[in-house]
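Below are the chains, spelled out letter by letter.
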Amino acid sequence: MSGNGVHTDPAALDELTEAARHERTEVGADGAVAGYQASRTLRLGVELRRQLRRRRTQLVLGFVVLLPFILVFAFEVGQSGSNRRSGGFVDLATASAPNFVVLALFVAGGFLLPTIVALFFGDTIASEASWSSLKYLLAIPVPRHRVLRQKAIASGLLSILALVLLPVVSLVVGLLWYGAGDAISPTGDAIPFGQSLLVIAVSTVFVVIQLAWVAALALLLSVSTDAPLGAVGGTVLVAILSQILDQITALGGLRDYLPTHYSTAWIDLIANDIDWTNIAAGVLSSIVYATVFVLLAARRFATKDITS
Amino acid sequence: MTLCEFSGNFTYGFPVPRIPFPRTRRGRLLTAGVVVVILAAAGAIWATSGRGPTPVASQDAVLDVPAAPGSPDQVRLDTTLYLPARTPAPALLLPHGFGADKTSVTSEAQELARRGFVVLTWSARGFGHSTGQIGLNDPNLEVADASRLIDFLAKRPEVRLDGPNDPRVGVVGASYGGALALLLAGQDKRVDAISPEITYNDLAQGLVPNAASATAPAATTPAVGAFAADGVFKRSWAGILFSAGASSGSGSGGLGTEAPEPGQQTDDSAQSGGGGGGAAAAPQGDSAPRQLPSTGSVCGRFTAEICQAYTELATTGRVTPATVALLRRLSPASVTNRISVPTLLVQGEADTLFGLDQSDATARQITAAGGKVQQIWYAGGHDGGGPGPQLRAKIGDWLWFHLTGEGADPVTGFAYDVQGSLRASGAPSVRILNAPDYPGVGGAATERKALALQGQSQTVVNPPGGVPAAVSGIPGLNGLAGSSRVSGLFGIDPPGESARFTTAPVDSQLLVSGSSTVRLRVAGTTPDAVLFVKLYDVSPDGTRALPGNAVAPIRVPLAGGAAEVTVTLAGIVRPIESGHALQVVVATTDQAYSTPISPAAYQISVDGGLSVPVIPGRAVGGGWPLGNLLAIIGVLVAALVVAVITAIRRRRAHRADPALATVPLVIEGLSKAYPGGVTAVRDLSFRVEPGQVLGLLGPNGAGKTTTLRMMMGLITPTAGQIRVFGHEIHPGAPVLSRIGSFVEGSGFLPHLSGELNLRLYWDATGRPAERAHFTEALEIAGLGSAVHRKVRTYSQGMRQRLAIAQAMLGLPELLVLDEPTNGLDPPQIHQMREVLQRYAATGRTVVVSSHLLAEVEQTCTHVVVMHRGQLVASGEVGDLAAAGGEATFRVDDTEAAATALRAVGGVSEVDIEGDLVHADLDGLPRADAVAALVRAGIKVEQAGPRRRLEDAFLRLVGEESK
C-alpha cells in the first residue's frame, strides 16, 4: 500500500530546486530570515484555529450549552411545587430565570467548571508535547515564553467562553421556562430582575477569576509532563483534595488558605446589601495561587529541555 | 479524543507526569527560596491564627472573705490572677456571667493579660468552687467581695498603685459581671474605669418589664424605655437564670458564641455552643433517692430572700412592691448617681434579656449625676453572642487608655453596628456606623421620623389558658439559628390574637436605631390588659421578620374600660430596605412571658403614627475589604515586575560572529550531560559549509539526536556552543528561522488534515504566505489526495514525508533531518536521496543523521562519525570512504608485504593493521601493486580501496556488540 499514490513526481523536484535556485534568502540583523518576527509567531487566531477544530473543545462547549436543558428537564420530570420562593438554591431554582442561573452556576461550580478549566489549560503544552509538535513550534522559533503566553491566552479565552456560555444559556433557558422574576436568595432577599442580571455578570467574572488558580496549576503541570491526562487529572485531583479538606471543620482558620475555600463566595452577591469581604478574599487567594503557579510554570518551561 | 499519540521514534514520551526537579544549581537555589518563603508565610499564618498564643502566667488562690459585713463566717472565693509580661501594671477585675464560673472567662483574661493588664478572675459566691450563696450582686455580699479583691490586688507587687491600698484598677465584665462593675464603681471609689457589657440598669425592668406609660416619656435618647411599674413577667429568661443558679453543678458558661463583626468570615465551626445566659445542666440528683426532697432544695444556692421573691414572681406572674424594692437594691440603678469614673457601656442589639433601654437608662443616670459615659452597641447580646475579637480589642484599648493615660481614646463618639442582610454563606454582614455623640446624652436630642400607620380598630382575643401563644423567639437560643435575622423569620402570631398596623413602604432605606414609639388606645372589660407590641419588617412579597426577636410587653390598667398609652417598643438596629414596610403588631400572648389565663377581648387602635428614631452616622471601615484589595493590587504589581525583569533579561546581548556569517553550522566543544551522570554528547566540534550534505553517522545512542536537538534550541548544552550563520543558538534564537527541521516524530495535529497542518504551521511562523512554497513542498511529499485526510489516518511513511515537506517550507538555508529515510520503502528512499542532494545543490545545506553507513555514503558529501557522544571521524565521504590513492591488501605476511610496497616507487604511508596492509599508492594502479606483491612471493587474498569510514564504523559497531 505504501507506494500507492504516494510518490514524488520528478517534475516536482525540478520545480522545487528551480524555486530554490531563484530565491535568495534575505536576512535581518538578528540573524532571522526576512519576514520573521518573534512577535508575529503563533498569533492568537492561529492558535484558536488549531484548538477550536478539536473535538474535545467542541464537546466541552456543547456540554456546557446542553447542561441548562438537562437541568430544566430534571426539574420538569421531578415535578415538585413550582415557583417556590423559599428554601435552598435548589428549591429556589424554578422561582425565576436569575435563580435558575444561580443554580446552574452553583451545581457546576464544584466540579464541572474546574474540570473544564483544567482540561483547557492542562492540555496546552502537554498535548503539543504528546503530538511531538511542540518542538516544531519552538524551532520556528516561537520564543518559549510566547508559546506559553499565547497558549494560555487561547485556553483562557476558551475557558471564559465556556464559563460565560453556561450562565447565558441558563438565563435564556430560564427566561423561557420560568420568566423574568426577581432573584430570591435563601435568606429571603429579593433582587429585581434588572439588578440580578448585573449580579450574574459580576458572579461570572468572579468565577472566572476564582478559577485562575486551577488554570495556573494546570499550566504548571502541563509544562512538567508530556501526558495531557496527567496534567488535567492532577489538577482536578488537587481541586478535589482542596474541597475535601475544606469540609473538615477541625482545620478551622487554616481552611481559609485552601484555594477552593472561597469558590462559592459569589453567592454573597445575591443580597440587597452586598458584603464584599469574602469575594475580595476569594479573588486575592486565587490571584496569589495563580501568580505563583504561573511564575513557576514560566520558569520551568523557559529552562526545560524539550525531549518529546 | 486522543490525548496521547504515539508515533515515530518515541523514546522519551513516558506518559507519567514527572515532578519538575530543578537541574541547575540556580534552579535549586530558587526552589529552596520559594520553599522557605512558603514555609515562612505558613509559619506566620500559624502564629497569627491564634493557635499558638504566648502563654500567660497565672496563679490560683483561694481567698477568704466575710460571709456578710461584720459576720465572723467566711466565704471562700476561688480566684485566678493572670500576670502580664511587664509589671507593675494596671489591674482589671474580670467577673463572669451568671451561671458560669471563673473558667468561663479564662481566654478573655489571657487576652487582656497579653494586652498588659494584671487580671483577676474569680468565681462569684455560689458559683464554681466558691462557697456561699448567690445574692445577685448584693452590695453587702458580692459587691463587698469585690472590694476585698481590690484589697488583695493592692498587696500584689505586680499591680500599679495609686496610693496605699489603692491599686490602679478597672472592672470589665458581661451581664451579671457587668452589673457588678457598675455597682462596685458606685460603691468603691478605688475603681478607676469600668466597661460593663450587655448588663442591666434595673433588674426589675429586665425581668418584669412594662413598656407602656400613660404619658409619653421624654424621648431625647434613642432607646429610652418606659420602665413603667407593674410589668409582665419574662418567665422564660427568668426561669433559665434561676435554674442556672439553683443547680449546684457548674453552669455551662457565659456567652457561647461571638457576635458577628465587620470583615468576619464565615466559620461554621464557631457556631456551636449555647446562646445567652447559660442554660444550666439538669440538676444533679445528689439527694438521697429514698428521701422526699424538701421544698427548700428548689432554692439551690440562692439566698432565701432571692428564692422567695422568685418563687412568688414565678407562681403569680405579678411583681410585688417588696420584690421591686429588692431588685432595685440589687441593680446598678441604685448607684448610678455615684459613678464618676470613665464608663464604657457596651450593649447588644440582639438581646431579649437586657435590651438597649437598659444601657440607655444607665447612660442617662450617670450623665445626669455628672459622670462620663461612652457607649457602643454591637451586633450581639444574650441572643447574638459576646463581643467579637475586634470589639474586645477596642475595649482593651479603651481600658488601657483610661488606666494609663497612654495614647488616644480609641472610642470616639457613639458607635453602633448595623447587621445587614444575611450572606448566603451563612454569616450576616455587619458594618459599623459612628455618630459624634450618643443622642440626648452628649449632644442634641434624637432625630425621630414619623410614619403614618394604616389599620382600623381591631379586636384581639386572649384565649383561655393563654394558649396557643405567639412565638417571637426562643430566649437564649435565638443566636443558634446562626443569626437573629433568620430567627426573626420564625415569629408566629396565632390568628385572632393580634392586631396589625402597617406603614406605607419606605422609598429609601430607613435605618431604625433605637426604640420606636407608638400611641395605642386599648379598650376591654378586664381590669388591665396584658399585650405584646412588636415591630415587624415586611418585605414587598409579604415575608415578615421580627428584628432582634424584640417584644415590648405592656400591662395597661383599663380603669374606665379604656386607656391610651404610649408604648416604647424594644430597641433595635435594623435597616429597612426601600420597598419594605414596618408593621406594628399588638398581640395578646407571648410564649416567653407570663400571660393571664382568663379569656379576654380587647379593642386596639392606634392614635397617630409610628415615631422611629434614627441616628445619623458615618460608616467606619468594614464596608470595603481594603486590605484585600490592596493585596490583590500588590500581587499583580509584583507579578508584573517579575515579568518585566525577565523580559529585560531575555533581551540578552545578541552575540554574532560576522566572520562566520556564511558558514551554516559551526559546533565547538559541545557537551550535554544529563542529571544522573549520563553524558549524551562530549566535546563535539565540527563545521559545515554551504552546499554540503552532511551525514551524522553513528549507532543508536551515539548522541546524534541530542546534537540535532541542541541545534534546534530544544536542549541547552552544558558546555560549548553552536553557531548557525555566525549566530549563537539558544532557545528562541531568531536565526532558528533559517533552519528547517525534522527530528524524531512528525509532530502533526492528528485531528487536522495534512494540508491544514502544513498551512497552520506556516501561519504559526507569522511569515508571508508566498514565501512558504506550499505547492512545491506538498508535491515533494507526494501524498496525492491523501493530503486532505486527517493525519491520524496516515501511515508512518506518509507522516514522515509530510514532515520532511514541512521542514522544507520556506526553503530554509539549513535543513536538519533526523533519520529521514526511516520507514520509507526503497523507491522512496531513493527519491529522498535525490531530493536532498539536489536541494543542497541550490547552495543550501543539509544535515542528516543516520545509523546506516550505506545511507550516508550514498546521500552525503561529508560525514561526521559519532560514537558514545564523541566525534570519531569526520571529512568528505569520498575521502573517508575510498581515499583517492589509498588501498588495502589482505596478505599472509604483512611485514614482507609492507617492505615490498615501500620498495615500489611513489608508494608512501604504508602501515599494518592485523592481516591488512594499507598504503598510499599515489596514482599507481592497484593491479601493479598486487603484481609487485606477488613478485615478492606474498600471497594476496584481497585487494581494494581503503574504506576508512567503514573501518571506523565497523570498529564501533564491533565494540558495541562485544
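All of these numbers come straight from a predicted model, not from anything done at the bench.

What counts as what
- Residues numbered from 1 in each chain as written.
- Chains lettered and ligands numbered in written order.
- Predicted model: local features only at pLDDT ≥ 70, side-chain atom pairs only at ≥ 80, totals over all residues.
- Helix = DSSP H or I, 4+ residues; strand = E, 2+ residues; numbered from the N terminus.
- Rg over C-alpha atoms; globule rule 2.2 N^0.38 Å.
- Buried ≥ 20, exposed ≤ 12 C-beta atoms within 10 Å, placed from the backbone.
- Contact = placed C-beta atoms within 7 Å.
- Nonpolar A, V, L, I, M, F, W, Y, C, P; charged D, E, K, R; others polar.
- Expected span 1.5 Å × (residues − 1).
- Pairing = 2+ DSSP bridges.
- Axes fitted to C-alpha atoms, helices over the stretch in contact; angles between N-to-C directions.
- Core = buried A, V, L, I, M, F, W, Y, C linked by C-beta atoms within 7 Å.
- Parallel < 35°, antiparallel > 145°, perpendicular 65-115°, else oblique.
- Left-handed = near helix turned anticlockwise from the far one by under 90°.
- pLDDT = per-residue confidence, 0-100.

**As for the overall build of chain A**
For chain A, the count of helices and strands is 13 helices and two strands. A compact globule built from 308 residues should have a C-alpha radius of gyration of about 19 Å, whereas chain A, at 24 Å, is more than 25% larger. Relative to its 308 residues, chain A shows a buried fraction of 54%. Sequence separation of 24 or more characterises 75% of the internal contacts of chain A that already satisfy a separation of 6 or more.

**Observations concerning the overall build of chain B**
In terms of regular secondary structure, chain B is built from 22 helices and 41 strands. Relative to its 962 residues, chain B shows a buried fraction of 50%. Within chain B, contacts between residues separated by at least 24 positions form 74% of all contacts whose residues are at least 6 apart in sequence.

**Some thoughts on unusual backbone geometry**
All names here are of chain B. Backbone torsion omega between threonine 87 and proline 88 reads -5 degrees, so that peptide bond is classified as cis. Relative to the helices and strands, proline 88 resides in the loop between strand 2 (74-83) and strand 3 (91-93). Note the cis peptide between valine 467 and proline 468, where omega equals -5 degrees. Take proline 468: it is sitting in the loop between strand 16 (458-462) and helix 11 (484-487). One non-glycine residue, aspartate 230, adopts positive backbone phi at about 55 degrees.

**A closer look at the interface of chain A and chain B**
The parts lose accessible area when they come together, and the size of an interface is often stated as this lost area. Facing 99 residues of chain A, the contacting portion of chain B comprises 105 residues. For the side of chain A that touches chain B, the element with the most residues is helix 13 (residues 277-303) of chain A, which contributes 12 residues. Per-class residue counts for the side of chain A that touches chain B are 42 nonpolar, 33 polar and 24 charged.

**Considerations on helix 12 (residues 228-247) of chain A**
Residue and element names in this part refer to chain A. Compared with an ideal rise of 1.5 Å per residue, which puts 20 residues at 28 Å, helix 12 spans 29 Å between its outermost C-alpha atoms and is within 8% of the ideal. Turning to helix 12, its buried residues number three or more, namely Pro228, Gly230, Ala231, Val232, Gly234, Thr235, Val236 and Ala239. Packing partners of the buried residues in helix 12 comprise helix 6 (112-122), helix 7 (124-130) and helix 11 (212-224).

**A closer look at the sheet that holds strand 35 (residues 845-850) of chain B**
Residue and element names in this part refer to chain B. Within the open sheet, the six strands sit side by side as 33-34-35-30-36-37. Their pairing is mixed. Two strands lie at the open edges of the sheet, namely strand 33 (739-742) and strand 37 (870-876), each paired on one side alone. Averaged over all pairs of adjacent strands, the angle between their axes in this sheet comes to 15 degrees, without regard to strand direction. Sheet analysis places strand 30 (residues 693-697) next to strand 35, joined by five bridges and oriented parallel. Bridge pairing in strand 35 places valine 693 opposite valine 846. Lying over the sheet, helix 13 (residues 704-711) contacts strand 30, strand 34 (814-818), strand 35 and strand 36 (862-867), oriented at roughly 145 degrees with respect to strand 34. The strands that helix 16 (residues 796-808) touches are strand 33 and strand 34; relative to strand 33, the one it contacts most, it runs at about 170 degrees.

**Structural notes on the pairing of strand 31 (residues 719-724) of chain B**
Residues and elements named next belong to chain B. Alignment of strand 28 (residues 665-673) against strand 31, held across four bridges, turns out to be antiparallel. Residue pairing across strands places valine 666 opposite arginine 723, the latter belonging to strand 31. Judged from the two bridges that link them, strand 31 and strand 32 (residues 727-728) form a sheet pairing that is antiparallel. Residue pairing across strands places arginine 723 opposite glutamate 728, the latter belonging to strand 32. The antiparallel hairpin formed by strand 31 and strand 32 contains two residues in its connecting segment, where phenylalanine 725 sits at a positive phi of about 50 degrees.

**Description of the nonpolar core**
In this structure, Val117, Ala215, Ala216, Ala218, Leu219, Phe293 and Ala297 of chain A are the most contacted members of the largest nonpolar core, which totals 177 residues. Top contributing element to this core by residue count: helix 13 of chain A, with 14 residues. Excluding anything up to four places from it in sequence, alanine 216 of chain A contacts Tyr289, Ala290, Phe293, Val294 and Ala297 of chain A. Core analysis: the second largest hydrophobic core is formed by 160 residues, Val143, Ala181, Val522 and Leu531 of chain B among them.

**Comments concerning the packing of helix 11 of chain A against helix 13 of chain A**
All names here are of chain A. Between helix 11 and helix 13, whose axes approach to 8 Å, the crossing angle comes to 15 degrees. Here helix 11 is positioned roughly parallel relative to helix 13, judged by the angle of their axes. Here the hand of the crossing between helix 11 and helix 13 comes out left-handed. Between helix 11 and helix 13, the residues in contact are Ala212, Trp213, Ala215, Ala216, Leu217, Leu219, Leu220, Val223 and Ser224 and Ser286, Ile287, Tyr289, Ala290, Phe293, Val294, Leu296, Ala297, Arg300 and Phe301, respectively.

**Topic: the packing of helix 9 (residues 144-178) of chain A against helix 10 (residues 193-210) of chain A**
A pair of packed helices is captured by two measures, namely the crossing angle of their axes and the spacing between those axes. Residue and element names in this part refer to chain A. Running from amino to carboxyl end, helix 9 crosses helix 10 at an angle of 155 degrees, the nearest separation of the two axes being 10 Å. Put simply, helix 9 runs roughly antiparallel to helix 10. The element helix 9 and its partner helix 10 pack so that their crossing is right-handed. Contacts between helix 9 and helix 10 pair Ile160, Leu163, Val164, Pro167 and Leu171 from the former with Ile200, Thr204, Val207 and Val208 from the latter.

**Let's talk about the pairing of strand 39 (residues 908-913) of chain B**
Residue and element names in this part refer to chain B. Across the six residues that make up strand 39, only a small minority, zero, are buried. Where strand 39 and strand 40 (residues 916-920) come together, four bridges link them in antiparallel fashion. Bridge pairing in strand 40 links glutamate 913 to leucine 916. Turn length for the strand 39-strand 40 hairpin, with the two strands adjacent in sequence and antiparallel, is two residues, and the turn residue glycine 914 shows positive phi of about 65 degrees.

**Looking at the sheet that holds strand 39 of chain B**
Residues and elements named next belong to chain B. Strand order in the open sheet formed by four strands is 39-40-38-41, with antiparallel pairing between adjacent strands. One side of each edge strand has no neighbouring strand; the edge strands of this open sheet are strand 39 and strand 41 (940-945). When the angles between neighbouring strand axes are averaged without regard to direction, this sheet yields 15 degrees. Lying over the sheet, helix 21 (residues 926-935) contacts strand 38 (886-891) and strand 41, oriented at roughly 155 degrees with respect to strand 41.

**Some points on the environment of phenylalanine 774 of chain B**
All names here are of chain B. Along the chain, phenylalanine 774 falls in helix 15 (residues 774-781). Classification of phenylalanine 774 as partly exposed rests on a count of 16 C-beta atoms within 10 Å. Residues phenylalanine 774 and arginine 759, spaced 15 residues apart in sequence, show a C-alpha to C-alpha distance of 8.0 Å.

**Focus on the confidence of the model for chain B**
Residues and elements named next belong to chain B. Considering every residue of chain B, the mean pLDDT works out to 83; 85% of them sit at 70 or more. Counted against residues more than four places away or in other chains, residues 1-20, with its pLDDT under 50, gives 48 contacts. Across residues 249-254 the pLDDT falls below 50, and counting only partners more than four positions away or on other chains, this stretch makes 25 contacts in the model. Across the interfaces of the predicted complex, the ipTM metric reaches 0.89, alongside a pTM of 0.72.

**Some points on the confidence of the model for chain A**
The predicted model of chain A averages 88 in pLDDT, with 94% of residues at 70 or higher. For chain A, helix 4 (residues 89-92) of chain A is the element with the lowest average pLDDT, namely 74, and helix 11 of chain A is the one with the highest, namely 96.

**Quick look at the environment of leucine 13 of chain A**
Position of leucine 13 of chain A relative to the elements: it lies in helix 1 (residues 10-22). Accessibility expressed as a C-beta count within 10 Å gives 19 for leucine 13 of chain A, which makes it partly exposed. As a C-alpha pair, leucine 13 of chain A and leucine 197 of chain A span 184 residues in sequence and 63 Å in three-dimensional space. Those residues in contact with leucine 13 of chain A, other than ones at most four positions away along the chain, are Thr8 of chain A together with Ile780, Glu834, Val835 and Arg838 of chain B.

**Some words on the environment of valine 224 of chain B**
All names here are of chain B. Structurally, the position occupied by valine 224 is in the loop between strand 9 (212-213) and helix 6 (235-246). For valine 224, a count of 23 C-beta atoms within 10 Å gives the class buried. Spatially, the C-alpha atoms of valine 224 and serine 243 are 30 Å apart, while their sequence positions differ by 19 residues.

**Brief notes about helix 9 (residues 356-368) of chain B**
Because each turn of an α-helix spans 3.6 residues, side chains separated by three or four positions end up pointing in the same direction. All names here are of chain B. Here helix 9 spans 18 Å end to end across 13 residues, near enough to the 18 Å set by a 1.5 Å rise per residue. Of all 13 residues in helix 9, 11 are buried; the element is thus mostly enclosed. Packing partners of the buried residues in helix 9 comprise helix 4 (176-187), helix 5 (203-207), strand 10 (343-348), strand 11 (373-378) and strand 18 (510-514). Just downstream of helix 9 lies glycine 370, where phi reads positive at about 100 degrees.

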